[in-house]
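Below, each chain spelled out in residue letters.
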Amino acid sequence: GENVEQHPSTLSVQEGDSAVIKCTYSDSASNYFPWYKQELGKRPQLIIDIRSNVGEKKDQRIAVTLNKTAKHFSLHITETQPEDSAVYFCAASKGRNTGNQFYFGTGTSLTVIP
Amino acid sequence: DTAVSQTPKYLVTQMGNDKSIKCEQNLGHDTMYWYKQDSKKFLKIMFSYNNKELIINETVPNRFSPKSPDKAHLNLHINSLELGDSAVYFCATRSSYEQYFGPGTRLTVT
């Protein structure tokens, strides 16, 4: 089965700096890679995703890159703000067939210091 | 309208009791999941239902049983609750790619 590893487990950055979270996966058949943000006491919410036919995707201050050959993908947050503080999860899945499950990383607790 | 809803939001009960958590979605998605999130924040998948058929059953105790009366609902029944069952339980649905989580149910077993 799929195995997703996520690093680092905790990350502290100064406001305005960039933050990078990295994930690796093992199953080359995985083709959908979402990132979720979970604020304290709230549900995980999808913030950005990427499919295997794309190498990079950007949405304002957040971007995701995918290297299929190396089987790793990363989340980049630029110009961090205190409201970016949360736990971030990466995941891998085989899309299209809705029965396929998601395999989650172990989460990164991001703290943005004002 | 809330796309994925769960009831109750909080559930406090004693060991040995039987309880249920309800999940409802109005997105028309065919696939629904139950996840358990423990104190370390790990998201562990418990069950997956696709068109009312159980298609994934991870190695969870058989005290846990999903019940889907219709496509819009996936309820979680837990028998003989144990201290280790204390966690936040999330229901989720899936379109062809994206997954949407419910607000979670915090279960505390005393």
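The following refers to the structure shown. Keep in mind the model is a prediction, meaning the values are calculated, not measured.

## Describing the sheet that holds strand E8 (residues 73-78) of chain B
Residues and elements named next belong to chain B.
Argument step 1. Across the sheet, four strands lie side by side as E1-E3-E8-E7; this open sheet has antiparallel pairing. Edge strands, defined here as strands with exactly one partner in the open sheet, are strand E1 (4-7) and strand E7 (64-70). Sheet twist, expressed as the mean angle between neighbouring strand axes with direction ignored, is 20°.
Argument step 2. Looking at chain direction, strand E3 (residues 19-25) and E8 are connected through four bridges and run antiparallel. The residue of E8 that forms the bridge with Lys19 is Ile78.

## A few points about the pattern of salt bridges
Opposite charge on two side chains makes pairing possible when the charged atoms of those side chains draw close.
Argument step 1. All told, the structure shown has eight salt bridges over all chains when counted by the stated rule.
Argument step 2. When the shortest N-O distance is used, the salt bridge between Glu39 of chain A and Lys37 of chain A registers 3.5 Å.
Argument step 3. The partly exposed category is assigned to Glu39 of chain A, whose relative accessible area is 34%.
Argument step 4. Relative accessible area serves as the criterion here: at 17%, Lys37 of chain A is assigned to the buried category.
Argument step 5. Between Asp84 of chain A and Arg61 of chain A there is a salt bridge, with the nearest N and O atoms lying 2.9 Å from each other. In this pair, Asp84 of chain A is assigned in the loop between strand E8 (72-77) and strand E9 (86-93) and Arg61 of chain A in the loop between strand E6 (56-59) and strand E7 (62-67), connecting sequence segments 23 residues apart.
Argument step 6. With a relative accessible area of 7%, Asp84 of chain A lands in the buried category.
Argument step 7. Accessibility expressed as a relative area gives 23% for Arg61 of chain A, which makes it partly exposed.
Argument step 8. Through salt bridges with shared partners, a single network forms among Arg63, Glu82 and Asp85 of chain B.

## Topic: the interface of chain A and chain B
Argument step 1. Across the contact, 23 residues belong to chain A and 25 residues belong to chain B.
Argument step 2. Taking both partners together, chain A and chain B bury about 2100 Å²; carbon and sulfur atoms supply 56% of that area.
Argument step 3. Applying the counting criterion to the chain A and chain B interface returns one salt bridge.
Argument step 4. The shortest N-O distance in the salt bridge between Glu98 of chain B and Arg51 of chain A comes to 3.9 Å.
Argument step 5. Looking at the side of chain A that touches chain B residue by residue, the classes come out as seven nonpolar, 10 polar and six charged.

Calculation rules
- Residues numbered from 1 in each chain as written.
- Chains lettered and ligands numbered in written order.
- Predicted model: local features only at pLDDT ≥ 70, side-chain atom pairs only at ≥ 80, totals over all residues.
- Heavy atoms only, no water.
- Pairing = 2+ DSSP bridges.
- Helix = DSSP H or I, 4+ residues; strand = E, 2+ residues; numbered from the N terminus.
- Axes fitted to C-alpha atoms, helices over the stretch in contact; angles between N-to-C directions.
- Salt bridge = Lys/Arg side-chain N within 4 Å of Asp/Glu carboxyl O.
- Buried < 20%, exposed > 50% of the residue type's maximum accessible area, 1.4 Å probe, protein only.
- Contact = heavy atoms within 4.5 Å.
- Buried area = accessible area lost by both parts, 1.4 Å probe.
- Nonpolar A, V, L, I, M, F, W, Y, C, P; charged D, E, K, R; others polar.

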